[in-house]
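Residue-level listing of the chains:
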Amino acid sequence: QVQLVESGGGLAQAGGSLRLSCAASGVTFSIYAMGWFRQAPGKEREFVAAINWTGGSTRYADSVKGRFTISRDNAKNTVYLEMNSLRPEDTAVYYCAGKRWGAVATVAEGEYDYWGQGTQVTVSS
């Protein structure tokens, strides 16, 4: 059974930092591209960051470029999202997702095969 479990969400002040983790089980993690998406209240889910199976290729949404960093540890079956210089508009539920045969850091939500349950990030001004 495939499971993606996010952790690390919470409350941060504007300008602060949080580190999200997503632990995968039931999959051969090293063949998966991984992505982070977010959904704010009343808005559609949007792409945040993606990383390919080796970690050698990453993609970011323009809104987080230079502030967020995606990384992975294939030995620990875990993908991370380091979030710095947080802004109130980063407030959302953050989801990790996995795509099989992930040679490319995929930005398209519809191409991902598995999703986590989400973790809330709230940034206060």
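These numbers were taken from a predicted model, which means no experiment stands behind them.

Trainee: What's the story with the overall build of the protein in this structure? I'm lost.
Mentor: A count of helical and extended segments in the protein gives 0 helices and 11 strands. Ordering the α and β elements of the protein from the N terminus gives β-β-β-β-β-β-β-β-β-β-β. Since a compact globule built from 125 residues should have a radius of gyration of about 14 Å, the 13 Å found for the protein is in line with a globular shape. On the principal axes, the C-alpha backbone points of the protein span a range of 40 × 25 × 25 Å. For the protein, with 125 residues in total, the buried portion stands at 44%. Contacts in the protein between residues far apart in sequence, at least 24 positions, make up 60% of those at least 6 positions apart. Total accessible area computed for the protein in this model is approximately 6100 Å², and 46% of it derives from carbon and sulfur atoms.

Trainee: Honestly, the sheet that holds strand 3 (residues 18–25) in this entry has me stumped. Any pointers?
Mentor: Either a parallel or an antiparallel arrangement is found when strands of a sheet pair, and the pairing is made through backbone hydrogen bonds. The strand order 1-3-8-7 describes an open sheet built from 4 strands, whose pairing is antiparallel. Strands at the two margins of the open sheet, each flanked by one partner only, are strand 1 (3–7) and strand 7 (68–73). Across the sheet, the axes of successive neighbouring strands diverge by a mean angle of 15°, strand direction being ignored. The pairing of strand 7 with strand 8 (residues 78–83) spans 6 bridges and is classified as antiparallel. What sits directly across from R72, in strand 8, is V79.

Trainee: Would you mind going over the pattern of salt bridges with me for this structure?
Mentor: A side chain with one charge may pair with a side chain of the opposite charge, provided their charged atoms come close. All told, the structure shown has 7 salt bridges when counted by the stated rule. Among the ionic pairs, K65 bridges to D62, the shortest N-O distance being 3.1 Å. Assigned by exposure class, K65 and D62 land together as exposed. In this structure, R100 engages D113 in a salt bridge whose closest nitrogen and oxygen atoms are separated by 3.6 Å. Separated by 13 residues along the polypeptide, R100 in strand 9 (residues 92–100) and D113 in the loop between strand 9 and strand 10 (114–115) bring together distant segments of the chain. Among the residues examined, D113 registers a relative accessible area of 32% and is labelled partly exposed. Among the charged side chains, a network of salt bridges with common partners joins R38, E46, R67 and D90.

Rules of the game
- Residues numbered from 1 in each chain as written.
- Predicted model: local features only at pLDDT ≥ 70, side-chain atom pairs only at ≥ 80, totals over all residues.
- Heavy atoms only, no water.
- Helix = DSSP H or I, 4+ residues; strand = E, 2+ residues; numbered from the N terminus.
- Rg over C-alpha atoms; globule rule 2.2 N^0.38 Å.
- Buried < 20%, exposed > 50% of the residue type's maximum accessible area, 1.4 Å probe, protein only.
- Contact = heavy atoms within 4.5 Å.
- Areas by Shrake-Rupley, 256 points an atom, 1.4 Å probe, with all protein chains shown as cover.
- Pairing = 2+ DSSP bridges.
- Axes fitted to C-alpha atoms, helices over the stretch in contact; angles between N-to-C directions.
- Salt bridge = Lys/Arg side-chain N within 4 Å of Asp/Glu carboxyl O.

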